[in-house]
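Per-entry structural report
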Amino acid sequence: MENDASVTKQRTMVQAKVWILRKHFDGFPKDSDFELKVEQLPEPRDGEILLEAVFLSVDPYMRPFSRVRMKEGDVMIGTQVAKVVQSKNPSFSVGSLVVSRSGWRTHTVSDGSGAKLLLSDWPADVPLSLALGAIGMPGLTALYGLEEVCELKAGETLLVNAAAGAVGTVAGQIAKLKGCRVVGSAGSDAKVAYLQELGFDRAFNYKTVPSLEQALKEASPEGYDCFFENVGGAFSIAALPLMKPMGRIAVCGAISTYNDSSPQTGPFPHLTMIMNQIRMEGFMVGRWEHKNEESLRRLLAWKQEGKLKCPEHVTSGFENMPAAFMGMLRGENLGKAIIKA
Ligand code: NDP
């Protein structure tokens with residue numbers, strides 16, 4: 001009898017593959033900083049669910065957050081779209097889909113606290129992976145950066161860098177929907193061509209222009225009302241003097257600095273900011289979490305109406321997560337970097 005029970009238990013035991021931060025990143029991440037492990041998961045207890053990853057996300061924040069939110073040996077942080085495969089929690093039925101902060105794991109036993117059900121009426125023809133991109137955290141970041149921080153108005157000129165990425169593509173398209181002029185920069189000619197396809201008024205390859213200052217001036221000789229800043233470093237220093245009086249800068253990211261071993265230094269911006277009365281504000285997307293449901297519905301409606309294109313760069317295989325993460329940091333992605341489990 002006891003034997004039978006243990007056999008049954010073994011049969012239902014699930015193995016999870018997990019990616020561990022083996023060594024803190026020093027400079028640009030490398031393969032040996034990550035380790036793939038296999039974990040035996042316990043049966044979900046009362047109040048718990050078992051999740052199976054469908055799509056996983058690699059995002060720039062993982063690089064700086066690894067320093068401050070993780071210690072060596074921890075599972076890599078991250079979000080995934082997952083299916084509920086077992087449930088002892090009445091809030092989550094078997095078969096339902098969630099966006100879950102499970103980290104880099106194929107399977108997770110959770111009490112549900114880090115999981116949010118996908119919008120109940122998610123259309124069948126909209127890929128689930130968009131819940132990690134344009135109709136998820138990066139899309140919300142673009143929306144809040146423009147509406148809440150920049151307070152962008154029709155007729156204004158917006159500058160966006162890392163414009164061909166997850167956040168940048170959405171920010172540029174929303175600004176066009178709002179009747180703005182949009183200038184974007186990206187790191188390859190193919191990305192620049194794509195930005196033009198999306199309706200950006202001007203786009204340039206920041207890696208090949210002879211002078212960043214000149215390229216920014218030529219793209220908008222009158223200057224910029226708003227700047228959606230994803231890059232930081234030298235780009236930020238070139239753009240600041242080109243802001244119009246009362247210009248607003250939404251400091252969303254600083255990806256050009258994330259892999260620095262020692263901090264970059266540059267000119268002090270204060271006098272430029274004072275003379276032109278520029279407002280520069282850092283923000284984190286979570287500040288407006290109370291608006292997320294309504295905001296996701298707006299993004300989804302734009303997508304459904306054909307007004308929002310949602311490019312993705314999909315890598316197949318959970319085993320390839322570190323490669324996909326490093327590829328995204330190098331700029332291999334056009335649109336949102338996604339892993340199909
Ligand atoms: P992306 O999809 O834009 O991917 C990162 C991109 O950054 C790469 O594709 C690459 O594109 C570009 N890049 C890498 N290194 C450099 C460099 N040295 N100089 C210029 N560009 C570089 O990522 P996300 O859209 O997810 O994120 C964009 C930014 O937004 C990041 O800085 C991120 O940290 C930030 N963010 C902030 C949030 C917040 O709440 N504040 C939330 C989400 C994102 P290229 O080929 O053009 O170089």
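Residues numbered from 1 in each chain as written. Predicted model: local features only at pLDDT ≥ 70, side-chain atom pairs only at ≥ 80, totals over all residues. Heavy atoms only, no water.

**Observations concerning the overall build of the chain**
Formally: In this description a helix means any DSSP run of H or I spanning at least four residues, a strand means any run of E spanning at least two, and both kinds are numbered starting from the N terminus. A radius of gyration in this sense is built from C-alpha atoms; the matching globule rule multiplies 2.2 Å by the number of residues raised to 0.38. Burial classification: accessible surface area is computed with a 1.4 Å probe over protein chains only, and a residue below 20% of its type maximum counts as buried, one above 50% as exposed, and the rest as partly exposed. By definition in these notes, contact holds between two residues if any of their heavy atoms fall within 4.5 Å. Here the Shrake-Rupley method, with its probe set to 1.4 Å, supplies the accessible areas, and only the displayed protein chains count as covering residues. A positive count includes Lys and Arg, and a negative count includes Asp and Glu. His and the chain ends are not counted in either. Think of each charge as sitting on NZ of Lys, CZ of Arg, CG of Asp or CD of Glu.
Helix and strand content of the chain: 10 helices and 15 strands. Compactness check: the chain gives a C-alpha radius of gyration of 22 Å against a globular reference of 20 Å for 341 residues, within 12% of the reference. With respect to the three principal axes, the spread of C-alpha positions in the chain is 80 × 45 × 35 Å. Among the 341 residues that make up the chain, the fraction classed as buried is 50%. Across the chain, contacts joining residues at least 24 apart in sequence account for 67% of those joining residues at least 6 apart. Entry remark: accessible area of the chain is about 16200 Å², with carbon and sulfur atoms responsible for 53%. One way to put it: in the chain the 38 positive side-chain charges average out to a point 1 Å from where the 38 negative ones average out.

**Here's the deal with the pattern of salt bridges**
Note on pairing: side chains with opposite charge can pair once their charged atoms come close. Defined as follows: By definition, a salt bridge exists where a carboxyl oxygen of Asp or Glu is found within 4 Å of a side-chain nitrogen of Lys or Arg.
Per the counting criterion, the structure on display carries 20 salt bridges. Linked through salt bridges whose partners overlap, the residues forming this network are E151, R279, E281 and R287.

**Some thoughts on the nonpolar core**
Rules: Among buried residues, the Ala, Val, Leu, Ile, Met, Phe, Trp, Tyr and Cys ones that are joined through side-chain atoms within 4.5 Å form a nonpolar core.
In terms of nonpolar packing, the biggest core is built from 49 residues, with I135, L158 and L299 touching the most fellow members. When residues of this core are traced back to their parent elements, those giving at least two are α3 (137-150), β8 (157-160), α4 (166-177), β9 (181-186), α5 (189-198), β11 (224-229) and α9 (292-304). Among the elements that line this core, the one with the most residues is α3, at seven residues. Once residues within four sequence positions are removed from consideration, L299 is found in contact with A134, I135, G139, L140, V170, I174 and L308. Among the nonpolar cores identified, the runner-up in size contains 20 residues, and L21, M76, F318 and A324 belong to it.

**Brief notes about unusual backbone geometry**
Its identity is not glycine, yet E151 carries a phi of approximately 50 degrees, on the positive side. Within the fold, E151 resides in the loop between α3 and β8. With a phi close to 65 degrees, M246 is a non-glycine residue in the positive phi region. Turning to its location among the elements, M246 is positioned in strand β12 (residues 243-251).

**Describing α9**
We count it as follows: In a helix, the anticipated span is given by 1.5 Å times the number of residues less one. Summarising the geometry, the arc corresponds to the directions from the helix axis toward the C-beta atoms.
For α9, which comprises 13 residues, the first-to-last C-alpha distance of 18 Å matches the rise-based estimate of 18 Å (1.5 Å per residue) to within 8%. Restricting attention to buried positions, one finds in α9 the residues N292, S295, L296, L299, L300 and W302. Angularly, the buried residues of α9 cover 160 degrees about the axis, an arc narrow enough to put them on a single face. Here the buried face of α9 lies against α3 and α4. Phi turns positive, to about 80 degrees, at G306, one or two residues after α9.

**Let's talk about the sheet that holds strand β10 (residues 202-205)**
Using the following cut-off: When DSSP locates at least two bridges between a pair of strands, those strands are taken to pair. Each axis is a line fitted through C-alpha atoms, and for a helix only the stretch in contact is used; angles between axes span 0 to 180 degrees, taken between their N-to-C directions.
The strand order across the open sheet built from six strands is β10-β9-β8-β11-β12-β13, with neighbouring strands paired in parallel fashion. Looking at which strands have only one partner, the edges of the open sheet turn out to be β10 and β13 (279-282). Here the average twist between neighbouring strands, direction ignored, is 15 degrees. One ladder, built from four bridges, connects β8 with β9; its direction is parallel. Residue pairing for β9: L159 is matched across the bridge by V183. Seen against the sheet, α3 touches β8, β11, β12 and β13 and runs at an angle of roughly 140 degrees to β11.

**A short note on the pairing of β8**
For clarity, the threshold we go by: Viewed with both strands pointing away, a crossover whose connecting path from the first strand over the helix to the second turns clockwise is right-handed.
The alternating pattern of β8 places T157 and L159 and L158 and V160 on opposite faces, both of which are buried. Regarding the hand of the β-α-β motif, the stretch spanning β8, α4 and β9 is right-handed. In this sheet, β11 lies alongside β8 in parallel orientation, the contact comprising three bridges. Within the sheet, the bridge partner assigned to L159 lies in β11 and is F227.

**With respect to the pairing of strand β3 (residues 49-57)**
Taking burial as the measure, the nine residues of β3 include seven buried ones, the bulk of the element. Inspection of the sheet shows β3 paired to strand β4 (residues 80-87) by seven bridges, in the antiparallel sense. When the bridges of β4 are listed, A53 appears paired with A82. In this sheet, strand β6 (residues 107-110) lies alongside β3 in antiparallel orientation, the contact comprising four bridges. From the neighbouring strand, L51 faces β6, where its bridge partner is T108.

Taken by themselves, the reported measurements are silent on function.
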